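Close look at the chain arrangement
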Amino acid sequence: MESKRRKGILERLNAGEVVVGDGGYVLQLERRGYVKAGHWTPEAAVEHPEAVRQLHREFLRAGANVLQTFTFYCSEDKLEISGNVTSITGAQINEAACDLAREVANEGDALVAGCVSKTPCYVKSRNETEVKAIFKKQMDDFLKKDIDFFIVEFVDHVEEAVWAVEVLKTSGKTVGATLCISPQGDMQGVPPGECAVRLVKAGADIVGINCHLDPLTCVRTVKLMKEGLEKAGLKAHLMIQPLGFHTPECNFGGYTSLPEYPFALETRAMTRWDIHKYAREAYNAGIRYIGGCCGFEPYHIRAIAEELSAERASLPPASEKHGLWGAALEMHTKPWVRARARREYWENLLPASGRPKCPSMATPADDYEKQLASKILT
């Protein structure tokens, strides 16, 4: 299926437009019964296309300008290790995911991003030739289909991300690269600013952060990337697609080291009002590609689009069913609820968890993280 002519990602960003990304797929589809936790592989694109299509459609309706292919952890080595797939190939998943994203993107004015993520091969061998061969195979699958650009995502070693960018740039398409790292840097101790420099020198057109930690922490990390680029005299567009959960611990290993991961994260969930603040902070930091990753649901994406509606000169279709800043509550029968139909109320609310015996913060598996980091660095 060929897409109609629309402005490309760089055309939009070069013009100063705000591009709203989509949200998280693997956690949402696990909760809906279509992804198996653990290895989080995306065979649902073949087994249950209706589920993936529906989530794409919800993100599009919420205001997303880009739909990412549901190809997270879809390298052949990851699929083999997972044991989740025995009769479906990575190529079949990649191609089906491209078709689903394009089908829904064509219902609006969205672009399709073909996505690759970190590979088990890198951790196991650190063999550049082998790792690049894996990325090339995925790239070749995507190029058979109608994608608009590439995104490298969820990579915690900048070296592997650089290898992915170098491969994907041979396609001639735009490449965005996002790392899942903390403000302290990647798993080898490379600072965010240096990570950004390496990615841009490898050919990345857009650089930033995804997943791992909460939105405001990720904004801080992108700022460090921006500073690194400025010091090096390099330019690139900035993007951010953070975690949709509060992680005040700001630990080196991210949310997978929290005791609530992955089945008890609900009490850490961001509210739509948290996302309004995040969207504004990201915009003020000079970031123009703003989306979400794990934990970001369609209403979170709508919150980004609504917060930046003046800059975008539009509201998404999903806002037809949502009064801005609670305005729809003006029609409520109870006066104390009607009193909440104002921005000041929601901006200043301190939500209760309803769990009096629970701590406000947890103790991450820091010992494991430090041991792992020490092992990597030596």
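Residues numbered from 1 in each chain as written. Predicted model: local features only at pLDDT ≥ 70, side-chain atom pairs only at ≥ 80, totals over all residues. Heavy atoms only, no water.

A word on the overall build of the chain
- Within the chain, the regular secondary structure consists of 17 helices and 8 strands.
- Against the globule reference of 21 Å for 378 residues, the chain gives a C-alpha radius of gyration of 20 Å, in line with a compact fold.
- With respect to the principal axes defined by its C-alpha atoms, the chain has extents near 65 × 50 × 50 Å.
- When the accessible area of the chain is evaluated, it comes to approximately 16500 Å², of which 51% is carbon and sulfur surface.
- If the 47 positive side-chain charges of the chain are averaged to one point and the 50 negative ones to another, these points end up 4 Å apart. (Helix = DSSP H or I, 4+ residues; strand = E, 2+ residues; numbered from the N terminus. Rg over C-alpha atoms; globule rule 2.2 N^0.38 Å. Areas by Shrake-Rupley, 256 points an atom, 1.4 Å probe, with all protein chains shown as cover. Lys, Arg positive; Asp, Glu negative; His and termini not counted. Charge placed at Lys NZ, Arg CZ, Asp CG, Glu CD.)

Thoughts on helix α4 (residues 49-62)
- With 14 residues, α4 should reach 20 Å at 1.5 Å per residue; the first-to-last C-alpha distance of 20 Å fits that figure.
- The set of residues buried in α4 consists of A51, V52, L55, H56, F59, L60 and A62.
- Taken together, the buried residues of α4 touch α2 (26-31), α3 (44-47), β2 (66-68), α6 (90-105) and α13 (298-307).
- Looking one or two residues past α4, G63 carries a phi angle of roughly 120°, positive in sign. (Expected span 1.5 Å × (residues − 1). Buried < 20%, exposed > 50% of the residue type's maximum accessible area, 1.4 Å probe, protein only. Contact = heavy atoms within 4.5 Å.)

Structural notes on the pairing of strand β4 (residues 149-155)
- In terms of burial, β4 is largely enclosed, as 7 of its 7 residues are buried.
- Bridge count between strand β3 (residues 111-117) and β4: 5 bridges; the pairing is parallel. For S117, the partnering residue across the bridge sits in β4 and is E153.
- In terms of strand pairing, β4 meets strand β5 (residues 175-179) through 4 bridges, oriented parallel. (Pairing = 2+ DSSP bridges.)

Thoughts on the nonpolar core
- Counting residues in each nonpolar core, the largest one holds 102 residues, and the members touching the most others are V152, L199 and I304.
- Core analysis: the next-biggest nonpolar cluster, separate from the first, contains 12 residues, I9, C115, F149 and Y289 among them. (Core = buried A, V, L, I, M, F, W, Y, C linked by side-chain atoms within 4.5 Å.)

A few points about the packing of α4 against α13
- Contact pair α4 / α13: the axes reach a minimum separation of 8 Å and the direction vectors enclose 20°. As summarised for this structure, α4 and α13 are arranged roughly parallel, according to the angle between their axes. The crossing of α4 and α13 is right-handed. Facing α4, whose interface residues are L55, E58, F59 and A62, α13 presents P298, I301, R302 and A305.
- Grouping the amino acids of the contact of α4 with α13 by side-chain chemistry returns 6 nonpolar, no polar and 2 charged. (Axes fitted to C-alpha atoms, helices over the stretch in contact; angles between N-to-C directions. Parallel < 35°, antiparallel > 145°, perpendicular 65-115°, else oblique. Left-handed = near helix turned anticlockwise from the far one by under 90°. Nonpolar A, V, L, I, M, F, W, Y, C, P; charged D, E, K, R; others polar.)

So, the pattern of salt bridges
- Within the structure shown, the criterion is met by 24 salt bridges.
- As a salt-bridge pair, K132 and E166 come within 2.7 Å of each other at their nearest N and O atoms. Of this pair, K132 sits in helix α8 (residues 128-143) while E166 sits in helix α9 (residues 158-168), and the two are 34 residues apart along the sequence.
- Judged by its relative accessible area of 31%, E166 falls in the partly exposed class.
- Measuring nitrogen to oxygen at the nearest pair gives 2.8 Å for the salt bridge that ties D140 to K136. (Salt bridge = Lys/Arg side-chain N within 4 Å of Asp/Glu carboxyl O.)

Quick word on the confidence of the model for the chain
- Overall, the prediction assigns the chain a mean pLDDT of 94, with 96% of residues at 70 or greater.
- Summarising per-element confidence for the chain, the mean pLDDT is lowest in helix α17 (residues 366-377) (52) and highest in strand β8 (residues 289-290) (99). (pLDDT = per-residue confidence, 0-100.)

Things to note about the packing of aromatic side chains
- What the rule picks out here adds up to 14 aromatic pairs.
- Considering the side-chain rings of Y25 and F59, the 5.2 Å spacing of their centres and the 65° angle between planes classify their relative orientation as edge-to-face. Linking Y25 in the loop between β1 (19-20) and α2 with F59 in helix α4, this pair joins segments that are 34 residues apart in sequence.
- The class of Y25 is buried, set by a relative accessible area of 8%.
- A residue is classified by how much of its surface remains accessible, and F59, at 0% relative accessible area, is buried.
- Relative to Y73, the ring of F72 has its centre 4.1 Å away and its plane inclined at 35°; by these criteria the two rings are tilted.
- Accessibility expressed as a relative area gives 13% for F72, which makes it buried.
- Three or more aromatic residues link up through ring pairs in this structure, and these residues are W40, F245, Y255 and Y261.
- Cation over ring: K78 sits above Y73, and NZ or CZ is 4.3 Å from the ring centre.
- If you follow R288 out to its NZ or CZ, it ends over the ring of Y283, 3.7 Å from the centre. (Phe/Tyr/Trp six-rings, centres within 6.5 Å; stacked < 30°, edge-to-face > 60°. Lys NZ or Arg CZ within 6 Å of the ring centre and 35° of its normal.)

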